[in-house]
Each structure stands twice: as C-alpha cells, then as structure tokens.
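# Inside the fold
Next come the chains, spelled out residue by residue.
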Amino acid sequence: MKISLEGQTALVTGAARGIGLAIARAFLEAGASVLALDRDAAALEAIASAADGRVQAMPLDVADYGPLSEALADRRIDHLVCAAAVGSGKTGFPFWRMEPADWDRVLGVTLMGVVNTVHASVPALLAGETERKSVLLVSSVAGQIGSPTDPPYSAAKAALISFAQVAAKDLAPHGIRVNALSPGMVRTDLNRSVHAASAEAGSTDYEEWAREKIRRVAPLARWQEPEEFGAMSVYLASDHARNITGQTLNIDGGQVMHA
Ligand SMILES: NC(=O)c1ccc[n+]([C@@H]2O[C@H](COP(=O)([O-])OP(=O)(O)OC[C@H]3O[C@@H](n4cnc5c(N)ncnc54)[C@H](O)[C@@H]3O)[C@@H](O)[C@H]2O)c1
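### Description of the layout of surface pockets
In this structure, the second largest pocket occupies an estimated 200 Å³ of space. Lining the second largest pocket are Met1, Lys2, Ile3, Ala22, Arg25, Ala26, Glu29, Ala30, Glu227, Gly230, Ala231 and Val234. Counting only elements with at least two residues in the lining of the second largest pocket, the list comes to α1 (18–29) and α8 (226–237). Per-class residue counts for the lining of the second largest pocket are seven nonpolar, one polar and four charged.

### A look at empty space enclosed by the protein
A full pass over the atoms with the stated rule returns one cavity of 30 Å³ or more. For the largest cavity, the calculated volume is near 60 Å³. Lining of the largest cavity is provided by Phe27, His79, Leu80, Val81, Ser134, Val135, Leu136, Arg177, Asn179, Ser233, Leu236 and Ala237. Mapped onto the lining of the largest cavity, the elements with two or more residues apiece are β4 (79–82), β5 (134–138), β6 (177–183) and α8. Here the residues of the lining of the largest cavity are counted per class, giving seven nonpolar, four polar and one charged.

### Some points on the site of the ligand
Close to the ligand lie 29 residues; Arg17, Asp38, Asp61, Tyr153 and Thr188 are nearest. Interatomic distance of 3.5 Å between a backbone N/O atom of glycine 184 and an oxygen atom of the ligand. A distance of 2.8 Å separates an oxygen atom of the ligand from a polar atom in the backbone of valine 186. Contributions of two or more residues to the shell around the ligand are made by α1, α4 (102–126), α5 (151–171) and α6 (189–197). Sorting elements by how many residues they give to the shell around the ligand places α6 first, with three residues. Its residues assigned to classes, the shell around the ligand shows 15 nonpolar, seven polar and seven charged.

### Looking at the environment of tryptophan 96
Looking at where tryptophan 96 falls in the secondary structure, it is placed in the loop between β4 and α4. With 55 residues separating them in the primary sequence, tryptophan 96 and proline 151 have C-alpha atoms 9.7 Å apart.

### Here's the deal with the sheet that holds strand β3 (residues 55–59)
The sheet built from seven strands is open, its strands ordered β3-β2-β1-β4-β5-β6-β7 with parallel pairing. In this open sheet, the two strands that pair with only one neighbour each are β3 and β7 (248–251). Geometrically, the sheet is characterised by an average inter-axis angle of 15° between neighbouring strands, direction not taken into account. The sheet contact formed by strand β2 (residues 33–38) and β3 spans five bridges and is parallel. By the bridge assignment for β3, aspartate 38 is matched with proline 59. Packed on one face of the sheet, α1 meets β1 (9–13), β2, β3, β4, β5 and β6 and runs near 170° to β1.

### Observations concerning a negative patch on the surface
Residues Glu29, Glu225, Glu227 and Glu228 make up a contiguous surface patch of negative charge. When you line up the elements, glutamate 227 lands in helix α8.

### Details of the packing of aromatic side chains
This structure, assessed with the given rule, holds three aromatic pairs. Centroid distance tyrosine 206 to tryptophan 223: 5.9 Å. Interplanar angle 50°. Geometry classified as tilted. Here tyrosine 206, found in helix α7 (residues 206–217), pairs with tryptophan 223, found in the loop between α7 and α8; they are 17 residues apart in sequence, far enough to count as distant. Comparing tyrosine 206 with tryptophan 223, the two get one shared label, buried. Three or more aromatic residues joined by ring pairs form one cluster here, namely Tyr206, Trp209 and Trp223.

### Some remarks on the nonpolar core
Core analysis: the biggest nonpolar cluster contains 35 residues, and Leu5, Val12, Ile23, Phe27 and Val34 have the highest contact counts within it. Elements with a contribution of two residues or more to this core: β1, α1, β2, α2 (41–50), β3, β5 and α8. Per-element accounting of this core gives the leading share, seven residues, to α1. When residues no more than four places from it in sequence are discounted, the contact partners of valine 34 are Ala10, Val12, Ala24, Phe27, Leu28, Arg54, Val55 and Gln56. Judged by nonpolar contacts, the second largest core, of 34 residues, contains Leu125, Ile161, Phe163 and Ile176.

### Section: the pairing of β2
Side-chain direction in a regular strand flips from residue to residue, so the side chains alternate between the two faces of the sheet. For β2, the tally of buried residues reaches five of six residues, placing the bulk of the element in the interior. Considered for its hand, the β-α-β crossover made up of β1, α1 and β2 is right-handed.

Thresholds applied
- Residues numbered from 1 in each chain as written.
- Predicted model: local features only at pLDDT ≥ 70, side-chain atom pairs only at ≥ 80, totals over all residues.
- Heavy atoms only, no water.
- 1 Å grid on protein atoms, 1.4 Å probe; cavity = no way out; pocket = protein on both sides within 12 Å on 5 of 7 lines; lining within 4 Å.
- Points joined across faces, edges and corners; volume = space filled by probe spheres on them.
- Helix = DSSP H or I, 4+ residues; strand = E, 2+ residues; numbered from the N terminus.
- Nonpolar A, V, L, I, M, F, W, Y, C, P; charged D, E, K, R; others polar.
- Near = heavy atom within 4 Å.
- Polar contact = N/O pair within 3.5 Å; in protein donor to acceptor, adjacent residues only side chain to side chain.
- Pairing = 2+ DSSP bridges.
- Axes fitted to C-alpha atoms, helices over the stretch in contact; angles between N-to-C directions.
- Contact = heavy atoms within 4.5 Å.
- Patch = residues over 30% accessible without salt bridge, like charges linked within 9 Å, V, L, I, M, F, W, Y side chains within 5 Å.
- Areas by Shrake-Rupley, 256 points an atom, 1.4 Å probe, with all protein chains shown as cover.
- Salt bridge = Lys/Arg side-chain N within 4 Å of Asp/Glu carboxyl O.
- Lys, Arg positive; Asp, Glu negative; His and termini not counted.
- Charge placed at Lys NZ, Arg CZ, Asp CG, Glu CD.
- Phe/Tyr/Trp six-rings, centres within 6.5 Å; stacked < 30°, edge-to-face > 60°.
- Buried < 20%, exposed > 50% of the residue type's maximum accessible area, 1.4 Å probe, protein only.
- Core = buried A, V, L, I, M, F, W, Y, C linked by side-chain atoms within 4.5 Å.
- Right-handed = clockwise from strand over helix to strand, strands pointing away.

Here is the structure:
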C-alpha cells in the first residue's frame, strides 16, 4: 500500500528526536511538507537543512501558549501530531515520594503543551477544505494501566486519551479525525530517563533493565521502533483511515489489549 500525502502539510511537535522525528520523516517520505516544532532549535535546524526545503523548523516551547498561537496563525495545517512530552525525572511508587510541585512541569508540557498546540492549530485546521485533515495525540500505555512509575506523566497521558475523544466528537462534523497513539517501549532519551531515575539504575544497565521490563509486560516481548509510529501516523492521516476517529492505537507488543 503506497500512501501519498503530497501537497499536504503536517505539524509535528517533539520533532527533533525520537518518535516525533520518525513521524516527521514518515510524513516527508509520504510527500508531505513538515512544520517541525520542538524546543531544541539546534536539532531542528540540522533536520531542516538536511531536508529538501519541505521542512520548516519551528523552535518553540509547547508550554508557552502565546508565542505558539502567534507562530501557528495563518499556517496551513492538514495534519497535526503532538509528540512533545517530558517526564518528571523522578520515580513515584508510592506517589507521595514526589511533591505536588513535581507535577507542574510535567502537566504543563505533557498535557497542557498538547492542549495549547491543538487550540493554536484549530483555526488552521478549520480553514478551507477540511475533509482530509487529522489530529494525532501521542499518549502512552502509562495512561491506560495505572502505571506508578511517574504519576503526573501517567495522569497527563490518560487525560490526552480523553481529550482525543472529546476533540474527535467536536471536529467530526468538519470531517476532521482525532486519534491517540500509544507507544509501549521505544529506545529514546525519554525512555532512558525512566531507567536513570529508577532504583535499579545503579545495579543494571539500560538495556538489561529494559529487556527484563519488556519480557515482563509485553506478550510479544520486543522493543517498538520509532519508525512503526511514523508508519501508523501516516496511515492515520490518510484516506485509508477515513472511518477511524476517537481511537487509541496501541503499538506496544500487546501490553494493553482493548475489549
Ligand atoms: N519512548 C517510549 O518508550 C515512549 C513510551 C510511551 C509514550 N511515549 C511518548 O512518545 C512521545 C515521544 O517521546 P520520545 O520517547 O520520542 O521522547 P524524546 O525525549 O526522545 O523526544 C521528545 C521531544 O520533545 C521535545 N520537547 C520536550 N518538551 C518540549 C516542549 N516544552 N516544547 C517543545 N518540545 C519539547 C524534546 O526536545 C524532544 O525533542 C512522547 O509523547 C512520549 O510521552 C514514548
């Protein structure tokens, strides 16, 4: 199945590395132009200068609504993918090992950063022909299983699933579809930071810790690769997915199974 998104534009947040970068690359491969948004300006510039003019770097912090909405006004956006997120850098369990103040930055970026980006993108999404447009919020298995690892992160990811469903209903009359994507275990800086904050960090290395975790939680017992999220994002943006909205798509080796 060859998917072409030629002539369309995707805004991808968290596009400087990891899953967001793989998603941005998949949109480029499908022929789309990409607005690559991240707070890491240097990494974005490197990506944009290595591309063929179809990547525009947008060095912004998703937690900061004013500059974000200003930068997105009058843009063309056919597809929006919100992948930017942070964890607390601490482990919970029990959750009172953390302070309420530890929640602020995590919710500010991982939940409100997505809310800000969706709000700032709505005028562009509603402009012109809307039938082929889509929104994808990157959630996590952590938002579905009561993961105790990083409580504010889990809560933010659960809220994104609900927000995707609400937005799916609000935007359906315009033909715009909204879904959530839920990764399991992917080798990225964010995933490494979970190991670094864990009690096992001193006694196991990252690969060993992850291998054991994956074996324990995922029936398929293997890593997910960033490119798998790129392929699913392009599929969900395409006409092949024209009847898919309000869903959470788990790419997690079977960790979460819906009824
Ligand atoms: N890696 C995993 O195993 C895993 C599992 C479940 C969910 N996820 C989700 O996948 C998405 C991508 O994560 P990743 O693992 O690729 O992480 P990553 O840390 O490799 O990349 C995240 C990107 O987001 C950017 N970012 C962070 N805060 C920002 C802000 N305030 N404004 C703009 N950009 C900001 C960072 O600069 C970075 O480039 C996230 O939503 C994450 O929660 C990842």
